[in-house]
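Survey of secondary and tertiary structure
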Amino acid sequence: MPATIEQAFPSDLYGGRLTIDLDAIVSNWSLLKGKVSDSTDCAAVLKADAYGTGQDKTAAALYQAGCRTFFVAVPTEALTLRASLPDAVIYVLDGLFPGTADHFLTHDIRPVLGSLEELLEWAEVCKASGKNNAAAVHVDTGIHRLGLSPAELTRALGDNAVLGPFQPSLVMSHLACGSTPDHEMNRRQLKLFTETTAPFPHIPRSLANSAGVLLGPDYHFDLVRPGIALYGGLAIETEPNPMKPVAKVEARIMIVRDVPQGDTIGYGAKQTARRPLRNAVVAAGYADGMIRRAGSTDDHPGGFGLIGGYKAPILGRISMDMITLDVTDVPEHLLQRGAFVEMLGPGVAASDLAAYAETIDYEYLTSLGRRFERVYAPLT
């Protein structure tokens with residue numbers, strides 16, 4: 001796809017640059033789609049601004065590639081998406097907020113009904129209109145967040161007096177431990193979901209998130225709904241990541257300076273120079289999605305940046321607007337003021353940084369680049 005730039009100011013006024021590769025997102029969706037049968041719909045999860053990549057552009061690219069079903073978290077995301085994709089199927093994972101049914105009907109948006117109370121409210125809406133207004137129903141198979149209990153689902157779907165004209169367009173559940181393939185919870189949830197939904201073969205079923213797609217055909221049913229894997233994230237913790245990276249964060253070098261042996265770096269004086277160092281201060285921080293917990297101390301090494309192929313470890317705490325890197329072993333010609341350092345991307349995987357920050361790559365991706373120049377182009 002041709003490169004585009006979203007910016008309010010000239011490029012040289014930005015402290016950093018976030019590059020997003022829409023072709024890589026499409027490639028990841030195609031790879032996942034290829035793992036399911038032709039009878040299984042491969043949807044796409046676009047919540048949190050498409051995991052930080054930009055909902056409108058990402059949705060348009062996936063729609064052009066053939067994706068027709070999308071999941072978002074909240075109604076506002078759905079309304080924004082409907083404006084750009086007038087004929088897509090759009091589900092709202094957080095369900096039906098009180099008093100919002102008219103908005104769903106007006107904009108042809110489908111709530112994922114996550115409680116018996118929501119189901120009863122939607123059924124009354126259908127009775128009042130005399131129409132089967134499309135919506136999904138969530139059944140809880142063990143994660144204990146949203147969802148009707150299996151007993152509630154069985155009773156409700158078997159009682160036409162309760163449902164009226166409403167028949168769910170989808171019944172779904174969510175895996176708690178899909179990223180760990182050998183976890184017994186996966187098989188337990190699969191068994192419960194299969195048994196609970198078996199009496200309703202006319203209703204399409206969905207269990208698989210990104211990890212569920214990779215767990216194999218038993219988990220695929222009629223629709224899969226990958227999220228993190230579309231954006232290059234690590235869906236299965238115990239296996240190599242087959243997905244392409246889709247985002248790159250680069251931050252400008254502001255200054256390079258010497259640090260004598262024994263001096264400390266950064267807030268709290270948590271990092272001590274164990275040898276004479278050179279450090280580079282770059283214009284990115286936790287306000288830009290560079291999570292503070294990935295900083296370094298004398299007892300706990302932190303993340304790193306990449307400069308011309310050279311690894312530059314983080315020194316000290318990550319602050320709001322700045323990160324200090326150890327560039328002692330980086331050639332001088334790569335350390336020019338204003339030069340870019342890769343802080344996340346093909347050479348610095350979000351899952352690797354997440355391990356240093358004791359979090360998951362989801363948090364990195366959904367937090368990135370609030371102040372960066374945003375470029376849509378292939379990653380280089």
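Residues numbered from 1 in each chain as written. Predicted model: local features only at pLDDT ≥ 70, side-chain atom pairs only at ≥ 80, totals over all residues. Heavy atoms only, no water.

Digging into the UniProt feature "domain: Alanine racemase C-terminal" (unreviewed entry) in the protein
As recorded in UniProt, the sites labelled "domain: Alanine racemase C-terminal" (unreviewed entry) are residues 246–377. The distance from the first to the last C-alpha atom of residues 246–377 is 10 Å, and the span holds 11% helix and 33% strand. (UniProt positions renumbered as here; feature names shortened; annotations may be inferred. Helix = DSSP H or I, 4+ residues; strand = E, 2+ residues; numbered from the N terminus.)

Considerations on the side chain of Asn133
Summarising the element assignment, Asn133 is placed in the loop between helix H6 (116–129) and strand S8 (136–138). Taking the relative accessible area as the measure of exposure, Asn133 reaches 11% and is therefore buried. Engagement of the side chain of Asn133 in a polar contact is seen with the side chain of Ser129, the distance being 3.1 Å. When sequence neighbours within four positions are dropped, the list of residues in contact with Asn133 reads Leu105, Trp122, Val125, Cys126 and Phe166. (Buried < 20%, exposed > 50% of the residue type's maximum accessible area, 1.4 Å probe, protein only. Polar contact = N/O pair within 3.5 Å; in protein donor to acceptor, adjacent residues only side chain to side chain. Contact = heavy atoms within 4.5 Å.)

Some points on the sheet that holds strand S7 (residues 110–113)
Overall, parallel pairing links the 7 strands, which are arranged S4-S5-S6-S7-S8-S9-S10 in an open sheet. Lying at the two open borders of the sheet, with one neighbouring strand each, are strand S4 (44–45) and strand S10 (205–206). (Pairing = 2+ DSSP bridges.)

Focus on the UniProt feature "active site" (unreviewed entry) in the protein
Using the residue numbers shown here, the UniProt feature "active site" (unreviewed entry) corresponds to Lys47 and Tyr267. These annotated residues cover 221 residues of sequence, and their C-alpha atoms reach 34.4 Å apart at the extremes, leaving them scattered rather than at a single site. Considered against the largest pocket, the annotated residues that line it turn out to be Lys47. Topologically, Lys47 is positioned in helix H2 (residues 47–51). (1 Å grid on protein atoms, 1.4 Å probe; cavity = no way out; pocket = protein on both sides within 12 Å on 5 of 7 lines; lining within 4 Å.)

Remarks on the packing of aromatic side chains
Summed over the entire model, instances satisfying the criterion amount to 7 aromatic pairs. Ring centres of Phe304 and Tyr356 lie 6.3 Å apart, and the angle between their planes is 85°; on these two criteria the pair is classed as edge-to-face. With Phe304 in strand S16 (residues 304–307) and Tyr356 in helix H11 (residues 350–356), this residue pair connects regions lying 52 residues apart in the sequence. Put simply, the rings of Tyr51, Tyr231 and Tyr362 touch in pairs and so form one group of aromatic residues. Directly above the aromatic system of Tyr63 lies the positively charged group of Arg68, at a separation of 3.7 Å from the ring centroid. Taking the ring centre of Phe304 as reference, the NZ or CZ of Lys311 above it sits at 4.4 Å. (Phe/Tyr/Trp six-rings, centres within 6.5 Å; stacked < 30°, edge-to-face > 60°. Lys NZ or Arg CZ within 6 Å of the ring centre and 35° of its normal.)

Regarding empty space enclosed by the protein
Enumeration over the complete set of coordinates arrives at 2 cavities of 30 Å³ or more. Looking at the largest cavity, its volume works out to about 60 Å³. Along its surface, the largest cavity is lined by Met290, Ile291, Ala294, Gly303, Phe304, Ile314, Ile318, Ile323, Met343, Leu353 and Tyr364. When grouped by side-chain class, the residues that make up the lining of the largest cavity number 10 nonpolar, 1 polar and no charged. (Points joined across faces, edges and corners; volume = space filled by probe spheres on them. Nonpolar A, V, L, I, M, F, W, Y, C, P; charged D, E, K, R; others polar.)

Quick look at the environment of Thr76
On the secondary structure map, Thr76 appears in helix H4 (residues 75–84). In the structure, Thr76 is positioned 16 residues away from Val92 in sequence and 9.4 Å away in space, judged by C-alpha atoms.

A short note on the packing of helix H3 (residues 55–65) against H4
Close contact between H3 and H4 brings their axes to 10 Å; oriented N to C, the two are set at 50°. As the angle between them shows, H3 and H4 are arranged oblique. Crossing geometry of H3 relative to H4 is assigned as right-handed. Of H4, the residues touching H3 (which contributes Gln55, Asp56 and Ala59) are Glu77, Thr80, Leu81 and Ser84. Taken together, the residues of the contact of H3 with H4 break down into 2 nonpolar, 3 polar and 2 charged. (Axes fitted to C-alpha atoms, helices over the stretch in contact; angles between N-to-C directions. Parallel < 35°, antiparallel > 145°, perpendicular 65-115°, else oblique. Left-handed = near helix turned anticlockwise from the far one by under 90°.)

Focus: the side chain of Gln271
By secondary structure assignment, the location of Gln271 is in strand S14 (residues 271–272). A polar contact is formed between the side chain of Gln271 and the backbone nitrogen of Gly316, at a distance of 3.3 Å. Not counting residues within four places of it along the chain, the set of residues in contact with Gln271 comprises Asp263, Thr264, Ile265, Ser296, Thr297, Asp298, Ile314, Leu315 and Gly316.

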